[in-house]
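Examining the three-dimensional arrangement
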Amino acid sequence: MPELAEVLYFSRRWDAGMGRVVVAVHANTKSRVFRGCNIAALKSGLAGARLKASRTHGKQVLFEFSGGHWLAVHLGMTGALSANPEPYEPCKHDHLVRHTKSLALVFTDPRQFGALKVCEEKTPPAWWKILPPQPMDDTFAPERVAEILQRHARQPLKTLLLDQRYFPGIGNWMADEIMWQMKLPPHIAAGSLAAKQALKLWRTLRKVCDVAVKTIGVDWRNPPRSWLFSHRWKRVNDCPRCGAKLRHENLRGRTACWCPACQKSIMTY
DNA sequence: CATCATGTTATAAT
DNA sequence: CATTATAACATGAT
């Protein structure tokens, strides 16, 4: 489920355990989520440690523990973080459970596309410090959007929006939402946007991210009913703007949900 | 039983 | 070389 706002929401579930000492660590070592992760280091690093801080960047979460231990979490397609009262018995797809005296912090992920990694340093790991700016960051300039559009001119715009190198945290529903708010079809070539449209894309990116963070990110509340968001997964789904039937089609391996009636290419205006 | 799913990455093809 | 396209990963829901 997680895109930037959902990731923020989940990171805050674990914040409930801030300051508590980890008394036991349960890890389902066979799970794919530990690929590339030193499990022994994870267990020894977290045991006895206290959660000091958490932060997110795009779809990444970074937890800081006492003693210079860091745990990075990516939630993949179906990952989730939760805090549960003790005693807590691990469920089927719980891959990591950090037990404290009163609260169990759990990472669960049925499809195991998520990933965990640990490191021991004074400051956040090097790879964290060089993550590209998020769309709602002040350092994310409109010129950056224009450059990206130029560089990947032949890429469908919706597909380009999913590229984490440029738009960290944007996922399938946010990309569709942005295309819908832009009134552009998902397959329009990135390079076909005029300067004015590129600026509008920058604004739309910021707005969708800002509002998602303030709603989903806070308490899982839905974004405005006027958005595509609340309609795209319904059994019968019509465009909340014009009432036309929404279309679902595969674009580069992902489902694009859009309104053929009001998402027209620029040339038709 | 077949298809699909709010993601990433290795590898192939332009 | 730079960019774009596809398959694979593991499990559950429809």
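Above this text sits the structure in question.
Residues numbered from 1 in each chain as written. Chains lettered and ligands numbered in written order. Predicted model: local features only at pLDDT ≥ 70, side-chain atom pairs only at ≥ 80, totals over all residues. Heavy atoms only, no water.

1. Thoughts on the overall build of chain A
Scanning chain A from terminus to terminus reveals 7 helices and 10 strands. In terms of overall dimensions, chain A is globule-like: its C-alpha atoms have a radius of gyration of 20 Å, near the 18 Å expected for 269 residues. Projecting the C-alpha coordinates of chain A onto the three principal axes gives extents of approximately 65 × 40 × 30 Å. Expressed as a percentage of its 269 residues, the buried residues of chain A come to 50%. Sequence-distant contacts, at least 24 apart, represent 63% of the contacts inside chain A between residues at least 6 apart. Accessible surface, chain A as shown: approximately 12800 Å² in total, 54% of it carbon and sulfur. Side-chain charges in chain A split into 41 positive and 21 negative, and the spacing between the mean points of these groups amounts to 4 Å. (Helix = DSSP H or I, 4+ residues; strand = E, 2+ residues; numbered from the N terminus. Rg over C-alpha atoms; globule rule 2.2 N^0.38 Å. Buried < 20%, exposed > 50% of the residue type's maximum accessible area, 1.4 Å probe, protein only. Contact = heavy atoms within 4.5 Å. Areas by Shrake-Rupley, 256 points an atom, 1.4 Å probe, with all protein chains shown as cover. Lys, Arg positive; Asp, Glu negative; His and termini not counted. Charge placed at Lys NZ, Arg CZ, Asp CG, Glu CD.)

2. Quick word on the environment of Pro142
Along the chain, Pro142 falls in helix α4 (residues 142-151). Remark: the alpha-carbon pair of Pro142 and Ala198, spanning 56 residues in sequence, is separated by 7.6 Å. Discounting residues that sit within four places of it in the chain, Pro142 has contacts with Leu199 and Trp202.

3. Description of the protein's contact with DNA strand B
Neighbouring residues of DNA strand B: 17 residues in total, closest Met1, Lys59, Asn172, Arg254 and Thr255. The protein-proximal atoms of DNA strand B, defined as those within 4 Å of the protein, are 54% sugar or phosphate. Within the side chain of Arg111, a nitrogen or oxygen atom sits 3.0 Å from a base nitrogen of DNA strand B. Contact between DNA strand B and Arg254: a phosphate oxygen at 2.2 Å from a side-chain N or O atom of the residue. Of all the elements in the fold, those that place two or more residues in the surface near DNA strand B are α6 (172-182) and β10 (254-258). (Near = heavy atom within 4 Å. Polar contact = N/O pair within 3.5 Å; in protein donor to acceptor, adjacent residues only side chain to side chain.)

4. Quick look at α4
Of the positions making up α4, those classed as buried are Val145, Ile148 and Leu149. Taken end-on, α4 shows its buried residues confined to a sector of 100°, consistent with a single buried face. Residues Glu143, Glu147, Gln150 and Arg151 are exposed on α4 and point more than 90 degrees away from its buried face. Close packing links the buried residues of α4 with α5 (157-161) and α7 (195-219). (Arc of directions from axis to C-beta.)

5. Let's talk about the pattern of salt bridges
Pairs may arise between side chains of opposite charge once their charged atoms sit close together. Applying the stated rule across the entire model yields 7 salt bridges. Measuring nitrogen to oxygen at the nearest pair gives 3.7 Å for the salt bridge that ties Asp138 to Arg206. Within this pair, whereas Asp138 is found in the loop between α3 (126-129) and α4, its partner Arg206 is found in helix α7, the two being separated by 68 residues in sequence. You can call Asp138 exposed: its relative accessible area is 72%. The partner of Asp163 in a salt bridge is Arg165, with the nearest N and O atoms 2.6 Å apart. Residue classification places Asp163 among the buried positions, given a relative accessible area of 17%. One continuous salt-bridge network, built from bridges that share partners, spans Lys52, Arg55 and Glu64. (Salt bridge = Lys/Arg side-chain N within 4 Å of Asp/Glu carboxyl O.)

6. Examining the sheet that holds strand β5 (residues 80-85)
Read from one edge of the open sheet, 4 strands run β1-β6-β7-β5, paired in antiparallel fashion. Looking along the sheet, the strands with just one partner apiece sit at the ends: β1 (24-27) and β5. With direction set aside, neighbouring strand axes in the sheet form an average angle of 15°. Pairing geometry for strand β6 (residues 94-99) and strand β7 (residues 103-108), over 5 bridges, is antiparallel. Note on β7: the bridge partner recorded for His99 is Ala104. Packed onto the sheet, helix α1 (residues 4-14) meets β5, β6 and β7 and runs at close to 25° relative to β5. With respect to the sheet, helix α2 (residues 39-46) is in contact with β1 and β6, its orientation differing from that of β1 by roughly 155°. (Pairing = 2+ DSSP bridges. Axes fitted to C-alpha atoms, helices over the stretch in contact; angles between N-to-C directions.)

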